[in-house]
Amino acid sequence: MILVTGATGNVGRHVTSQLAEAGLEVRALVRDPGRARLPERVEVVRGDLTAPETLEPALKGVESVFLLWPAFTADHASEVVAAVAEHARRVVYLSANVPDGPPTHYHEIERLIRHSGLGWTFLRPGGFATNTLGWADQIRQGVVRWPYGQAARSLIHERDIAAVAVHVLTSAGHNGATYVLTGPEQLTQAEQVRVIGEAVGREARWEELPADVAREQLVAAWGDPGFVDSALKAWAGFVTAPEPVTDTVERLLGRPALTLGDWARDHASDFS
Ligand SMILES: NC(=O)c1ccc[n+]([C@@H]2O[C@H](COP(=O)([O-])OP(=O)(O)OC[C@H]3O[C@@H](n4cnc5c(N)ncnc54)[C@H](OP(=O)(O)O)[C@@H]3O)[C@@H](O)[C@H]2O)c1
């Protein structure tokens, strides 16, 4: 039995359906089973990762866990990792490939897992292509006004992250491995807008927004100045140090990683 956390999310939904399609026994941890909309053969169990005492029913009889962490702090993570270790033999943790800097909750959770006695594999993806969904309205209107058009990332399709997770969960030889996962190409944010527009049949162009104007607008929209500042700092960093491209997806799956154009075609309805 494989337990998938975040099973209703971008990556977890694909992990769940790919495991079910492969005929494996899959259980999904969700907070609201009534809204989960998962394939019929998936067992859906209620639980909340921020409330470790709710996890026992989901963990019973489980051999492997696909774990994501839904919060920006590691609060309760040590209890959750301990509960997983009590039941399961191994964990595939959806971490992140964060640029050098102060330690994050991703580092803390990796550390907890390393010391848990579980067999583990860490998936460290770079930026998700789904992040560009935040531009959907602007792409529909033909202009994306945003800061740091020259910030370059190697955005990854969530289906590729899931396919790697499924590969790792269903084959041997990944114990103790850390996989840095990216898409196949580096594209600046301005190029991302053009590629998505072309793929979904809408002409969309970039209009550079000064960082201070963007900050004001994003604080109004997102409400958390600290979060806005860290996002702006990350984009500024990708101008001078573009996100790297790795061949890990292709090495593990035996086919090239999906492009941003592939992703946009899969998500055409999100931009229509
Ligand atoms: N975006 C990026 O560029 C990027 C890059 C690297 C790593 N990551 C990491 O990837 C993960 C996000 O993956 P994603 O995009 O697939 O997720 P997502 O679409 O944001 O969905 C979040 C999932 O977590 C579940 N969830 C939220 N709070 C929960 C809780 N308290 N207990 C149990 N489940 C909870 C949600 O389920 P319900 O709401 O249905 O309960 C949902 O299935 C995060 O850990 C993020 O840090 C993101």
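In the block above lies the structure referred to throughout.
Residues numbered from 1 in each chain as written. Predicted model: local features only at pLDDT ≥ 70, side-chain atom pairs only at ≥ 80, totals over all residues. Heavy atoms only, no water.

Draft legend 1. Structural context of the nonpolar core. Formed by 33 residues in total, the largest nonpolar core has its most connected members in Val11, Val15, Leu19, Phe66 and Leu181. Looking at this core, the elements with two or more residues in it are strand E1 (2-4), helix H1 (10-21), strand E2 (26-30), strand E4 (64-68), strand E5 (90-94), helix H6 (158-170), strand E9 (177-181) and helix H10 (248-253). A per-element tally of this core places H6 first, with 7 residues. Ranked by size, the runner-up nonpolar core spans 26 residues in total, among them Trp146, Leu187, Val193 and Phe271. (Core = buried A, V, L, I, M, F, W, Y, C linked by side-chain atoms within 4.5 Å. Buried < 20%, exposed > 50% of the residue type's maximum accessible area, 1.4 Å probe, protein only. Helix = DSSP H or I, 4+ residues; strand = E, 2+ residues; numbered from the N terminus.)

Draft legend 2. View of the site of the ligand. Contacts to the ligand come from 22 residues, most closely from Thr8, Val11, Arg31, Asp48 and Tyr106. The separation between an oxygen atom of the ligand and a polar side-chain atom of Arg31 is 2.7 Å. Here an oxygen atom of the ligand and a backbone polar atom of Phe128 are 3.0 Å apart. Protein chains shield 78% of the accessible area of the ligand, which is 930 Å² for the free molecule. (Near = heavy atom within 4 Å. Polar contact = N/O pair within 3.5 Å; in protein donor to acceptor, adjacent residues only side chain to side chain. Areas by Shrake-Rupley, 256 points an atom, 1.4 Å probe, with all protein chains shown as cover.)

Draft legend 3. Just the packing of H1 against H6, in detail. Closest axis-to-axis distance for the H1/H6 pair is 8 Å, and the angle between their directions is 45 degrees. By the criterion of interaxial angle, the relationship of H1 to H6 is oblique. Relative to H6, H1 is oriented so that their crossing is right-handed. Where H1 approaches H6, its residues Asn10, Val11, His14, Val15, Gln18 and Leu19 are matched on the opposing element by Glu158, Arg159, Ile161, Ala162, Ala163, Ala165, Val166, Leu169 and Thr170. Per-class residue counts for the contact of H1 with H6 are 9 nonpolar, 4 polar and 2 charged. (Axes fitted to C-alpha atoms, helices over the stretch in contact; angles between N-to-C directions. Parallel < 35°, antiparallel > 145°, perpendicular 65-115°, else oblique. Left-handed = near helix turned anticlockwise from the far one by under 90°. Contact = heavy atoms within 4.5 Å. Nonpolar A, V, L, I, M, F, W, Y, C, P; charged D, E, K, R; others polar.)

Draft legend 4. Summary view of the packing of helix H3 (residues 77-87) against helix H4 (residues 105-114). The contact between H3 and H4 brings their axes to 10 Å, and the two run at 35 degrees. Between H3 and H4 lies a crossing whose hand is right-handed. Here H3 contributes Ala77, Ser78 and Val81 to the contact with H4, which in turn contributes Ile109, Leu112 and Ile113. The residue makeup of the contact of H3 with H4, split by class, is 5 nonpolar, 1 polar and no charged.

Draft legend 5. Representation of the environment of Val81 within the structure. Mapped onto the secondary structure, Val81 falls in helix H3. A relative accessible area of 6% means that Val81 is categorised as buried. Separated by 39 residues in sequence, Val81 and Trp120 place their C-alpha atoms 11 Å apart. Excluding anything up to four places from it in sequence, Val81 contacts Leu112, Ile113, Ser116 and Leu118.

Draft legend 6. How the structure looks around the environment of Val92. By secondary structure assignment, the location of Val92 is in strand E5. Val92 gets classed as buried once you look at its relative accessible area, which sits at 1%. Along the chain, Val92 and Ile113 lie 21 residues apart, while their C-alpha atoms are 9.8 Å from each other. In this structure Val92 touches Val65, Phe66, Leu67, Thr121, Leu123, Val168 and Leu169, once residues within four positions along its chain are discounted.

Draft legend 7. Local environment of the sheet that holds strand E6 (residues 119-125). If you walk across this open sheet you meet the 7 strands as E3-E2-E1-E4-E5-E6-E9, and the pairing is parallel. Each edge of the open sheet is held by one strand with a lone partner, namely strand E3 (43-46) and E9. Adjacent strand axes in the sheet meet at a mean angle of 20 degrees when their direction is disregarded. With 5 bridges joining them, E5 and E6 adopt parallel strand pairing. Looking at E6, one finds that Val92 is bridged to Thr121. Where H4 meets the sheet, it contacts E4, E5 and E6, and its direction lies at approximately 165 degrees from that of E6. (Pairing = 2+ DSSP bridges.)

Draft legend 8. How the structure looks around a nonpolar patch on the surface. Residues Phe72, Trp222 and Phe227 make up a contiguous nonpolar surface patch of roughly 340 Å² in combined accessible area. Its place among the elements puts Phe72 in the loop between E4 and H3. (Patch = residues over 30% accessible without salt bridge, like charges linked within 9 Å, V, L, I, M, F, W, Y side chains within 5 Å. Salt bridge = Lys/Arg side-chain N within 4 Å of Asp/Glu carboxyl O.)

Draft legend 9. Main features of the packing of aromatic side chains. Within this structure, the stated rule accounts for 8 aromatic pairs. Aromatic side chains Trp222 and Phe227 sit 5.5 Å apart centroid to centroid with 55 degrees between the ring planes, which places their arrangement in the tilted category. By relative accessible area, Trp222 is classed as partly exposed at 38%. Look at Trp263 and Phe271: their rings are 5.9 Å apart centre to centre, the planes differ by 75 degrees, and that puts the pair in the edge-to-face class. Under the relative-accessibility criterion, Trp263 is labelled buried at 0%. Among the residues examined, Phe271 registers a relative accessible area of 1% and is labelled buried. (Phe/Tyr/Trp six-rings, centres within 6.5 Å; stacked < 30°, edge-to-face > 60°.)

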